[in-house]
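# Chain and residue survey
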Amino acid sequence: MSLVNDIMQSMEYGPSSEDASAARDWLARRGTFGHFINGSFATPGQVFETRDPSTGDVLARVTQGTADDIAAAVKAARKAQKPWANLSGTERARFLYAIARHVQKRERFLSVLETLDNGKPIREARDGDIPLVARHFYHHAGWAELRDTQFPDHAPLGVCGQIIPWNFPLLMLAWKVAPALAAGNTVVLKPAEYTPLTALAFAEICQEVGLPAGVVNIVTGDGDTGAALVAADVDKIAFTGSTEVGRGIARALAGTGRKLTLELGGKSPFIVMEDADLDAAVEGVVDSIWFNQGQVCCAGSRILVAELVAERFETLMRARLDRLRVGAPLDKSTDIGAIVDPVQKDRILSICKAATDAGADLVGGQPQDGCFIAPGYLKNIAPANPGMQQEIFGPIATLSTFRTADEAIELANNTRYGLAGSVWSESATVATDMAARIKAGVIWINCANMFDAAAPFGGYRESGYGREGGHAGMLDYLAAPGPKNGGEGGKLKPLDAVTDADAAKPQGIDRTAKMYIGGAQKRPDGGASYAVPGGLAPLGSRKDIRNAVEAASKAGKWAAMGGHARAQVLYFMAENLAARADEFAARTNKREVEAAIDRAFHYAAWADKIDGRNVQAKPGHLVNVIPEPMGIIGIACANRNPLVGFLSLVLPAIAMGNSVVAIPAQNDPLAVTDLYQVLDTSDVPAGVVNIVTGARDALSAHLALHDEVAAMWYCGTPEGQASVDQAASGNLKPVWSVPHRDWTGNDAQGHDFLNHAVRQKTIWLPYGALPAGSGSAAY
């Protein structure tokens, strides 16, 4: 028996296992689980086993969902949706509030069940996950109450299909179900095959609070079940999981018009500057990459340390690493629990082997009996090493050094992902500068892995698009008001290169219309033109699109000018357009020119007025949600109202600091090719607006394929939309299918355009002292 004196010297913990009898009794009573459809549990069908990853013991048998099961769930959700949406905000809020209260009443049971099913340490489930589940339902009860005043004229999407991962099973459910219900939607949710049990327990909570039948439906199963949900008649798919699967979902939904949000993989940088508090930064590493066995999409898995402090930092980190306890997840002293499944363990080990085969050194990270891997890190690792590029999704970080802040940013952004990042510095100037330059959707300053229902979460690039949480997350479950009328403005006319010298007979001196790329008039690379009203238009090609994207990528100073300076340029555009109103009216008509001038004034007014938000999240932190320009936006315009239709899309994009590559009306582009003189005389920097004329749908597909294009706006045909969606799915850029409308009307401008021109970046900063009694995740 250990003496107290010995224990005080060694500070060894004894076993402190959480009692799992209540959860195991619940599992024994339930036996085999069926799906939860239309308010009740269905008779089980073909089943699969879910196991405790720490022991391999069978926990329960769960039904494998089929396409018919999904269809039944969608039918129930569709029937329930209108009655649910027709409830008052207060009535919906009361249901969400009741769910939050019932989660709290079953907090210990849910924590144990989550740990049994997932393998994470009980401390993390008890102190982190479950309190945040309740927080999300409380927070979104408020949005249900306030929806109609805070989102006027917006409507619920309808039925939402939701697919969640196994790393935070109940928390991911709350992230998706709470905003969907608050907005007035109904849901069909598929939990991960490995971890369905807390979702099924949540179904019982829905019954307990009297949630109307069909509002929440849960269908369990594997990837085939998820594919059936993607293919089903739902109005939105919300997916959290791997980038590979997300890309497949984007391809599957191409051309369907259904809304899609994706929260995918990450390879987040964890930057330690030379003036950082190194002891605090080491604790940040523990919270970032060794939390939840590293099975966190936003884990700070790439540790980048200033060379001047690298040796000291690694010494501290190694000492902390050696004291982490790997063991039974139900033991309250355990730091590192079990990997979710042997398949995932094998994947982690295979990436580590590939990394060491490529020259890296592995410190720690050794496999243990069962589904356990010791925490570790890869050092002496090159930027192109598989361990640096691939998402390991396990308790293995990479450690490398940098000499300057610029080098740190270059290393941080040397990834196809863009989910999160963490910066450690005692200088507010340095920390905020680094945060602004990291290409990621969430940045933590002197902290890591902070989450809250009020703080939007989501990524850039191959980490997906869309946001979950807060005001921005609600917008992704609502439909903005649509235009009152539409129409393409005539079918696309056949487009052939002109070879007949008599195809166009100029009157007076011939004017040669050209494209506008990088602030200069450019002839098409292929040297061809096509006949349009009023003459010949340049016939753009893939090479012209490439040149335009390259020019747009060099226009970064436009965003850096600030909203006020951009507003002055747009006002100047309106002034110069008004000075030449008669000339443009001859190309189009007086009403369209007047609308175009009004549009320039409208977005000049908005250029410095799209504000961020400071949200009330965890005490002791200042959380800023900052609207950032997307970067390069590709825009394809309809034939209707060729001048004002073009400006109605280009102006909101550039007002927010983006550069654009725009394809004007295919049938009648010459009014737009004349705009280059207005752009030149209005001080629009070179590359901010690039104009390529020609075959809209073919050029749009080429544009969507470019990695440097951050987003696509397309207004055209269903066939063209499907082509653009397919092309954009490869590099996971968001595509806005712009509805047709009368572009001279008031519904051709406004917030919806501006919302699509920005993406939200969430910055967490320590702020003030932590109030007494607010240390837990529930605060």
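Structure shown above.
A short tour of the structure in this document, coming up. (Residues numbered from 1 in each chain as written. Predicted model: local features only at pLDDT ≥ 70, side-chain atom pairs only at ≥ 80, totals over all residues. Heavy atoms only, no water.)

### Topic: the packing of aromatic side chains
This model, assessed by the stated rule, comprises 20 aromatic pairs. Members of the aromatic cluster, each reached through a chain of ring pairs, are Trp175, Trp444, Phe451 and Phe457. Over the ring of Tyr460 we find Arg759; its NZ or CZ atom is 3.7 Å from the centre of that ring. (Phe/Tyr/Trp six-rings, centres within 6.5 Å; stacked < 30°, edge-to-face > 60°. Lys NZ or Arg CZ within 6 Å of the ring centre and 35° of its normal.)

### A look at the packing of helix α20 (residues 563–579) against helix α22 (residues 590–606)
Relative to each other, α20 and α22 sit at 165°, their axes nearing to 8 Å. The angle between α20 and α22 places the two elements in the roughly antiparallel class. Regarding α20 and α22, the two cross each other, and that crossing is left-handed. Side by side, α20 and α22 meet where Ala567, Leu570, Tyr571, Ala574, Leu577 and Ala578 of the first sit next to Ala596, Ile597, Ala600, Phe601, Tyr603, Ala604 and Ala605 of the second. Grouping the constituent residues of the contact of α20 with α22 by class yields 13 nonpolar, no polar and no charged. (Axes fitted to C-alpha atoms, helices over the stretch in contact; angles between N-to-C directions. Helix = DSSP H or I, 4+ residues; strand = E, 2+ residues; numbered from the N terminus. Parallel < 35°, antiparallel > 145°, perpendicular 65-115°, else oblique. Left-handed = near helix turned anticlockwise from the far one by under 90°. Contact = heavy atoms within 4.5 Å. Nonpolar A, V, L, I, M, F, W, Y, C, P; charged D, E, K, R; others polar.)

### Here we look at helix α3 (residues 67–86)
In a regular helix each residue adds 1.5 Å, so 20 residues correspond to 28 Å; α3 covers 29 Å between its end C-alpha atoms and thus fits that length. The sharpest bend along α3 reaches about 35° and sits at Ala80, with the proline Pro83 one to four residues further on. Listing the buried residues of α3 in full gives Ile70, Ala73, Val74, Ala76, Ala77, Ala80, Gln81, Trp84 and Ala85. (Expected span 1.5 Å × (residues − 1). Bend = angle between axes of the 7 residues up to and from the residue. Buried < 20%, exposed > 50% of the residue type's maximum accessible area, 1.4 Å probe, protein only.)

### Remarks on the environment of Ile348
Here Ile348 is to be found in helix α13 (residues 342–357). Measuring from C-alpha to C-alpha, the distance between Ile348 and Arg546 comes to 38 Å, with 198 residues separating the pair along the chain.

### Focus: the sheet that holds strand β5 (residues 58–63)
The sheet built from three strands is open, its strands ordered β1-β5-β4 with mixed pairing. On the outer flanks of this sheet lie β1 (32–33) and β4 (47–51), each paired with one strand and no other. As paired strands, β1 and β5 are joined by two bridges and run parallel to one another. From the neighbouring strand, Thr32 faces β5, where its bridge partner is Arg61. In this fold helix α8 (residues 197–208) packs onto β1, β4 and β5, with an angle of close to 65° to the strand it touches most, β5. (Pairing = 2+ DSSP bridges.)

### Topic: the pairing of strand β11 (residues 259–263)
With four of its five residues buried, β11 lies for the most part within the structure. Where the polypeptide runs from strand β10 (residues 236–240) across helix α10 (residues 243–253) and back to β11, its parallel neighbour, the crossover connection is right-handed. Pairing between β11 and strand β21 (residues 464–465): two bridges, direction antiparallel. Within the sheet, the bridge partner assigned to Glu263 lies in β21 and is Gly464. (Right-handed = clockwise from strand over helix to strand, strands pointing away.)

### Points about the sheet that holds strand β20 (residues 442–445)
Here we have ten strands laid out as an open sheet, ordered β14-β17-β18-β13-β12-β19-β20-β34-β28-β27, and mixed in their pairing. With partners counted over all chains shown, the strands left at the sheet margins are β14 (361–364) and β27 (613–615), one partner each. When the angles between neighbouring strand axes are averaged without regard to direction, this sheet yields 20°. Strand direction decides the pairing type here: β20 and strand β34 (residues 758–766), joined by three bridges, are parallel. Paired with Ile443 across the bridge in β34 is Ile763. The sheet contacts of helix α11 (residues 278–288) involve β12 (269–272), β13 (302–306) and β19 (420–424), and relative to β12 the element is tilted by about 170°.

### Looking at the pattern of salt bridges
All chains considered together, the criterion is met by 34 salt bridges. The salt bridge partner of Arg78 is Asp235, with a shortest N-O separation of 2.7 Å. Within this pair, whereas Arg78 is found in helix α3, its partner Asp235 is found in the loop between α9 (223–231) and β10, the two being separated by 157 residues in sequence. Measuring nitrogen to oxygen at the nearest pair gives 3.3 Å for the salt bridge that ties Arg403 to Glu307. In this pair, Arg403 sits in the loop between β18 (396–402) and α15 (405–412) while Glu307 sits in the loop between β13 and α12 (310–322), placing the two residues 96 residues apart along the sequence. Exposure remark for Arg403: the relative accessible area of 64% places this residue in the exposed category. (Salt bridge = Lys/Arg side-chain N within 4 Å of Asp/Glu carboxyl O.)

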